[in-house]
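Analysis of the macromolecular model
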Amino acid sequence: MSDKVSRIVDARVKDPGAIAAAAARRVKAASLLGEHGKAMIIAADHPARGANGVGGDPYAMADRFELLDRLCVALERPGVTGVLATADILEDLLLLGVLDGKSVFGSMNRAGLAGSVFEIDDRFTGYDAQAIAEMGFDGGKMLTRIALEDPATASALLESARAVNELNDRHLIAMVEPFLSVWQDGRIRNDLSTDAVIKSVTIASGLGRRTAHTWLKLPVVDGMERVLSASTLPALLLGGEVTDPQAAFTSWGRALKQPTAQGLVVGRSLLYPSNGDVAGAVDKAVSLL
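Cut-offs used in this document
Residues numbered from 1 in each chain as written. Predicted model: local features only at pLDDT ≥ 70, side-chain atom pairs only at ≥ 80, totals over all residues. Heavy atoms only, no water. Axes fitted to C-alpha atoms, helices over the stretch in contact; angles between N-to-C directions. Helix = DSSP H or I, 4+ residues; strand = E, 2+ residues; numbered from the N terminus. Parallel < 35°, antiparallel > 145°, perpendicular 65-115°, else oblique. Left-handed = near helix turned anticlockwise from the far one by under 90°. Contact = heavy atoms within 4.5 Å. Nonpolar A, V, L, I, M, F, W, Y, C, P; charged D, E, K, R; others polar. Core = buried A, V, L, I, M, F, W, Y, C linked by side-chain atoms within 4.5 Å. Buried < 20%, exposed > 50% of the residue type's maximum accessible area, 1.4 Å probe, protein only. Phe/Tyr/Trp six-rings, centres within 6.5 Å; stacked < 30°, edge-to-face > 60°. Salt bridge = Lys/Arg side-chain N within 4 Å of Asp/Glu carboxyl O.

**Focus: the packing of helix H3 (residues 64–75) against helix H11 (residues 278–287)**
- At a minimum axis separation of 9 Å, H3 and H11 run at an interaxial angle of 40°. It follows that H3 is oblique to H11 by the angle criterion. Relative to H11, H3 is oriented so that their crossing is right-handed. In this structure, H3 contributes Arg70, Val73 and Ala74 to the contact, and H11 contributes Val278, Ala279 and Val282.
- Among the residues making up the contact of H3 with H11, the classes are represented as 5 nonpolar, no polar and 1 charged.

Below is the structure:
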């Protein structure tokens, strides 16, 4: 990886325009879905929110060199269709030339830093729709947490709706990741009960003046048949941090059988599997599609 890092740093120092040039010549994905008919997107936007932990290592994702190495392994696996990340990571991947033929999604709001007192006030500090369009990417993702007892939720919903509008206006995918959230002991916790996830789906589905290009990014919980029946918007299933890989793969496989489920968006559980085998974990996830 040292040679790759040297190339990245050299370009950033001596030729910053190389990033835009790499974006301009990138071969775009022919479809958001792979030959298997589903999307398999690798997510790596956690560090920008200060969420660097994986398992027992609170700084696993803070090693950028290792993260890039794992991303390159994952993106090379057959059946992987795309990647989701912030500008710093996507630009590194562009300079490495590993995004040809992949769908690319920019992470838009990262101000809700993990563990902060302002976590629910998740302002847009990453990509905006204009930059996503200029880079030739396929869409943008917004984390949309809804804390009914926190007045900051209203502005967070407004910002998400604005992003949905701006992406839809450009015919780009607006990937909305909703959660019903609560404050517990000074921290935000996502309510992953079936009813809470259903409520978050119905709220997120109504954001914006157009939804033709809006997709949902949803956690896999009990009762996914009910969850995925709460909207006709295409849904991608998120992985989250997995403690029991076999149980997670089984639940993903069941959920993928629902008509609105269009694939997976998975990050830490594939990039940092407990056995260290990134390629094997990715291949197993792809096999579910």
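Having seen it, we continue.
**Side note on the nonpolar core**
- Core analysis: the biggest nonpolar cluster contains 75 residues, and Met40, Leu71, Leu93, Leu264 and Leu270 have the highest contact counts within it.
- Residue contacts for leucine 71: discarding those within four places in its chain leaves Ile42, Ala44, Val83, Ile89, Leu93 and Leu271.
- Judged by nonpolar contacts, the second largest core, of 11 residues, contains Leu32, Ala39, Leu84 and Val265.

**Looking at the packing of aromatic side chains**
- Under the criterion given, the structure shown has 2 aromatic pairs.
- With 5.9 Å between their ring centres and 80° between their planes, tyrosine 127 and phenylalanine 137 make a pair best called edge-to-face. Separated by 10 residues along the polypeptide, tyrosine 127 in the loop between strand S3 (103–107) and helix H5 (129–134) and phenylalanine 137 in the loop between H5 and strand S4 (139–146) bring together distant segments of the chain.
- Taking the relative accessible area as the measure of exposure, tyrosine 127 reaches 7% and is therefore buried.
- For the ring pair phenylalanine 249 and tryptophan 252, a centre distance of 5.1 Å and an interplane angle of 80° mean the geometry is edge-to-face. Taken as a pair, phenylalanine 249 and tryptophan 252 lie in helix H9 (residues 245–255) at a separation of 3 residues, close to a single helical turn. Taken individually, phenylalanine 249 and tryptophan 252 each receive the classification buried, so the pair is uniform in this respect.

**Focus on the pattern of salt bridges**
- Taken as a whole and judged by the stated rule, the model has 18 salt bridges.
- Here aspartate 10 and lysine 14 are joined by a salt bridge, their closest N and O atoms 3.1 Å apart. Remark: lysine 14 and aspartate 10 occur in helix H1 (residues 2–14); sequence separation between them is 4 residues, near one turn of the helix.
- A salt bridge links arginine 209 to aspartate 169; the shortest N-O distance between them is 2.5 Å. Placement of the pair is arginine 209 in the loop between helix H7 (194–205) and strand S7 (214–219) and aspartate 169 in helix H6 (residues 152–169), with a sequence separation of 40 residues.
- By relative accessible area, which is 58% here, arginine 209 ends up exposed.

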